[in-house]
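# Descriptive structure summary
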Amino acid sequence: MTSKEKLDIARQLAKLGVDIIEAGFPAASPDDFGAVKAIALEVGNAVDPHGYVPVICGLSRCNEKDIQAAWDAVRFARRPRIHTFIATSAIHMQYKLKKSKQEVIDIARRMVAFARRLGCNDVEFSPEDAGRSEREFLYEILGEVIKAGATTLNIPDTVGITMPQEFGKLIADIKANTPGIENVIISTHCQNDLGLSTANTIAGACAGARQVEVTINGIGERAGNASLEEVVMALKCKGGSILGGLYTGINTRHIVMTSKMVEEYSGLHVQPHKAIVGANAFAHESGIHQDGMLKHKGTYEIISPDDIGLERTNEAGIVLGKLSGRHALKMKLVELGYDIDGEQLDNIFWRFKAVAEQKKRVTDADIRALVSDEVFQPTVVWKLHDLQVTCGTLGLSTATVKLISAEGKEHIACAVGTGPVDSAYKAVDLIVKVPATLLEYSMTAVTEGIDAIATTRVLIRGENNHTSTLALTGETIHRTFSGIGSSMDITVSSVRAYIGALNKMLGFMELTPLHQCDDNMKSP
């Protein structure tokens, strides 16, 4: 994601009411540093009328350069935090770190103390792969970092190997056996390799953890992390009855909007059967289920869609068609949880009218697709104006594309390809002149019927190989850029998606030199 997208998501996380936003790994690249700093400056200083402002946290490995970069990025927030980690399992210490237990303890103690000396009064420490670490060693290293000034101890099940009862006992044992534990917060960080991250997180909370590390839609390394929406709604449903009164301060009505934003910006699909936010989460197809739902919704729904900010199409108060006006569209957007005005509302309205001319009824799913295509887009460098394609079995596919530059100038190109999308993409490349490789391409229909809106997602990589560093492994990776586009014409939606990805990449290329020149940027 670009810095702008990360900032947008941080703003949305604040609306959601999360307590701590771990905004990134500042030492990974100049762009990552700039994004965390921007979030600290804006979101980390936006105090609401009730006094709420989130902690802004930067991740770092246990070395001075990483920690310095993290502090330089987050120190502008009202409530800054540094989160530093080092592996503590035998397999990691032997093969990855090549260090003894005592060396690892010494590093952890010195680096937590270094973070405190920089002026950071809130330091989180993680013993990576705690789930496979020797218990007595864990108690020892955690006790030492507490003495060095750690305020939160995060206990990761890094490879997702523990069962819920095991993880709950791990948290309970740490709480019972670590010197000084009464003065700090215990946190959980559960990976989903065996599909147990939510269960493990809740088990940890029941055993005494008072912070849980989660991600929107459960995205994360490999099979992902514990899902915010699953953990939050599980506590909402059962916290007061069987989970000892556990609760969160999350405003659940912002869950759907946050999920959609992360899905669109990251380019990572939410599977239809994903709990809480999947497309089928509130769909009832079985005849028995439908009969029960018609008689009483509680027969098959434990959560109301309203609780997470989702309106059912067949219960929405406003039905839109070709005669609907701007005010009706605005009310529908509010009903769906969107707060949109100005130019964005104008653009969505005219695109809605174009769709309504071809469809008897415009559904909520159609509206969400149009909003995603308009709102969840990167800063415009190039914009699609016109597209014409000729294709079929009688000759080579040909596409003519007209793009508008950021300066408002028109650029036209024509290209031949193996199909309509290939020829259109080649025409775009002739105008943009920035080499890119298409890595992934997918298309879905957002509603049923031949007149459905198509949403296309693409993933590209630039040939100049923008790179970043993975926090856990130190591995250098090549950045990729995703794009989305929606239209009733599948070629138009494909070109919109491709241009969106190119705009994201071009925006990243423009921003990076600025961040590299930042006076506060320390070499990672």
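Labelled according to an unreviewed UniProt entry, the chain appears under the name 2-isopropylmalate synthase, originating from Eucalyptus grandis. Recorded in UniProt under Function (unreviewed entry), the annotation for the chain is "Catalyzes the condensation of the acetyl group of acetyl-CoA with 3-methyl-2-oxobutanoate (2-oxoisovalerate) to form 3-carboxy-3-hydroxy-4-methylpentanoate (2-isopropylmalate). Involved in Leu biosynthesis, but does not participate in the chain elongation of glucosinolates." Per UniProt, the comment on the chain under Pathway (unreviewed entry) is "Amino-acid biosynthesis; L-leucine biosynthesis; L-leucine from 3-methyl-2-oxobutanoate: step 1/4."

## Topic: the overall build of the chain
Check the secondary structure of the chain and you find 16 helices and 15 strands. Dimensions of the chain, computed from the C-alpha atoms along their principal axes, are close to 75 × 60 × 45 Å. Going through the 524 residues of the chain one by one, you find that 53% of them count as buried. Taking contacts inside the chain between residues at least 6 apart in sequence as the whole, the part at least 24 apart equals 65%. As presented, the chain carries roughly 23,900 Å² of accessible surface, and 54% of it is formed by carbon and sulfur atoms. Averaging the locations of the 55 positively and 63 negatively charged side chains of the chain gives two centres separated by 1 Å.

## Comments concerning the pairing of strand 6 (residues 185-190)
Burial of strand 6 is extensive: five of the six residues sit out of reach of the surface. Here strand 5 (residues 152-157) pairs with strand 6 via six bridges, running parallel. For Thr 152, the partnering residue across the bridge sits in strand 6 and is Ile 185. Taken together, the three bridges between strand 6 and strand 7 (residues 211-213) define a ladder with parallel strand orientation. Bridge pairing links Thr 188 to Val 212 in strand 7. Once you follow strand 6 into helix 8 (residues 197-206) and on to strand 7, the crossover reads as right-handed.

## A short note on the packing of helix 13 (residues 342-356) against helix 14 (residues 364-375)
At their nearest, the axes of helix 13 and helix 14 sit 10 Å apart, and the two run at 140 degrees to each other. In terms of axis orientation, helix 13 runs oblique to helix 14. For the crossing formed where helix 13 meets helix 14, the hand is right-handed. Residues Gln 344, Asn 347, Ile 348, Arg 351, Phe 352 and Val 355 of helix 13 pack against Ile 367, Leu 370, Val 371, Asp 373, Glu 374 and Val 375 of helix 14.

## Structural notes on the sheet that holds strand 15 (residues 481-487)
Across the sheet, three strands lie side by side as 11-12-15; this open sheet has antiparallel pairing. What marks the edges here is a single partner per strand, and that holds for strand 11 (436-445) and strand 15. On average, each strand axis in the sheet is inclined to that of its neighbour by 20 degrees, with strand direction left out of account. Pairing analysis gives seven bridges linking strand 12 (residues 454-462) to strand 15, with the strands arranged antiparallel.

## Describing the pattern of salt bridges
A side chain of one charge can pair with a side chain of the opposite charge when the charged atoms of the two come close. The tally for this structure, following the rule as stated, stands at 30 salt bridges. When salt bridges that share partners are traced, they join Lys 4, Asp 8, Arg 11 and Glu 42 into one network.

## Digging into the pairing of strand 10 (residues 410-417)
Of the strand pairs in this sheet, strand 9 (residues 397-405) and strand 10 are connected by eight bridges, and their pairing is antiparallel. Within strand 10, the position partnered with Ser 397 by the bridge is Gly 417. In sequence, strand 9 turns back onto strand 10 through a hairpin of four residues, with Gly 408 there showing a positive phi of about 90 degrees.

## What about helix 12 (residues 326-335)?
Among the residues making up helix 12, those that are buried are Leu 329, Lys 330, Lys 332, Leu 333 and Glu 335. Those residues of helix 12 that are buried are in contact with helix 13 and helix 14. Gly 337 lies just past helix 12 and shows a positive phi near 95 degrees.

## A few points about the packing of helix 7 (residues 164-177) against helix 8
Across the interface, helix 7 lies against helix 8 with an axial gap of 8 Å and an inter-helix angle of 35 degrees. Every pair of crossing elements has a handedness; the one defined by helix 7 and helix 8 is right-handed. Facing Pro 164, Phe 167, Gly 168 and Ile 171 of helix 7, the residues of helix 8 in contact are Ala 199, Asn 200, Ala 203 and Gly 204. Among the residues forming the contact of helix 7 with helix 8, the class breakdown is five nonpolar, three polar and no charged.

## Focus on the UniProt feature "domain: Pyruvate carboxyltransferase" (unreviewed entry) in the chain
Per the UniProt annotation, the sites labelled "domain: Pyruvate carboxyltransferase" (unreviewed entry) are residues 1-256. Helix and strand shares over residues 1-256 are 45% and 16% respectively, and the end C-alpha atoms of the span are 19 Å apart.

## Quick look at the nonpolar core
Residues Phe 125, Leu 153, Leu 329, Phe 352 and Ile 367 are the most contacted members of the largest nonpolar core, which totals 96 residues. Both of domain 1 (3-266) and domain 2 (287-375) provide at least three residues apiece to this core.

## Here's the deal with the side chain of Thr 491
Considering the arrangement of structural elements, one finds Thr 491 in helix 16 (residues 490-516). Its relative accessible area of 8% is what places Thr 491 among the buried residues. Each residue touching Thr 491, except ones within four places of it in the same chain, is listed here: Leu 387, Val 389, Pro 420 and Ala 424.

Reading guide: rules and limits
Residues numbered from 1 in each chain as written. Predicted model: local features only at pLDDT ≥ 70, side-chain atom pairs only at ≥ 80, totals over all residues. Heavy atoms only, no water. UniProt positions renumbered as here; feature names shortened; annotations may be inferred. Helix = DSSP H or I, 4+ residues; strand = E, 2+ residues; numbered from the N terminus. Buried < 20%, exposed > 50% of the residue type's maximum accessible area, 1.4 Å probe, protein only. Contact = heavy atoms within 4.5 Å. Areas by Shrake-Rupley, 256 points an atom, 1.4 Å probe, with all protein chains shown as cover. Lys, Arg positive; Asp, Glu negative; His and termini not counted. Charge placed at Lys NZ, Arg CZ, Asp CG, Glu CD. Pairing = 2+ DSSP bridges. Right-handed = clockwise from strand over helix to strand, strands pointing away. Axes fitted to C-alpha atoms, helices over the stretch in contact; angles between N-to-C directions. Parallel < 35°, antiparallel > 145°, perpendicular 65-115°, else oblique. Left-handed = near helix turned anticlockwise from the far one by under 90°. Salt bridge = Lys/Arg side-chain N within 4 Å of Asp/Glu carboxyl O. Nonpolar A, V, L, I, M, F, W, Y, C, P; charged D, E, K, R; others polar. Core = buried A, V, L, I, M, F, W, Y, C linked by side-chain atoms within 4.5 Å. Domains from an automatic or database assignment.

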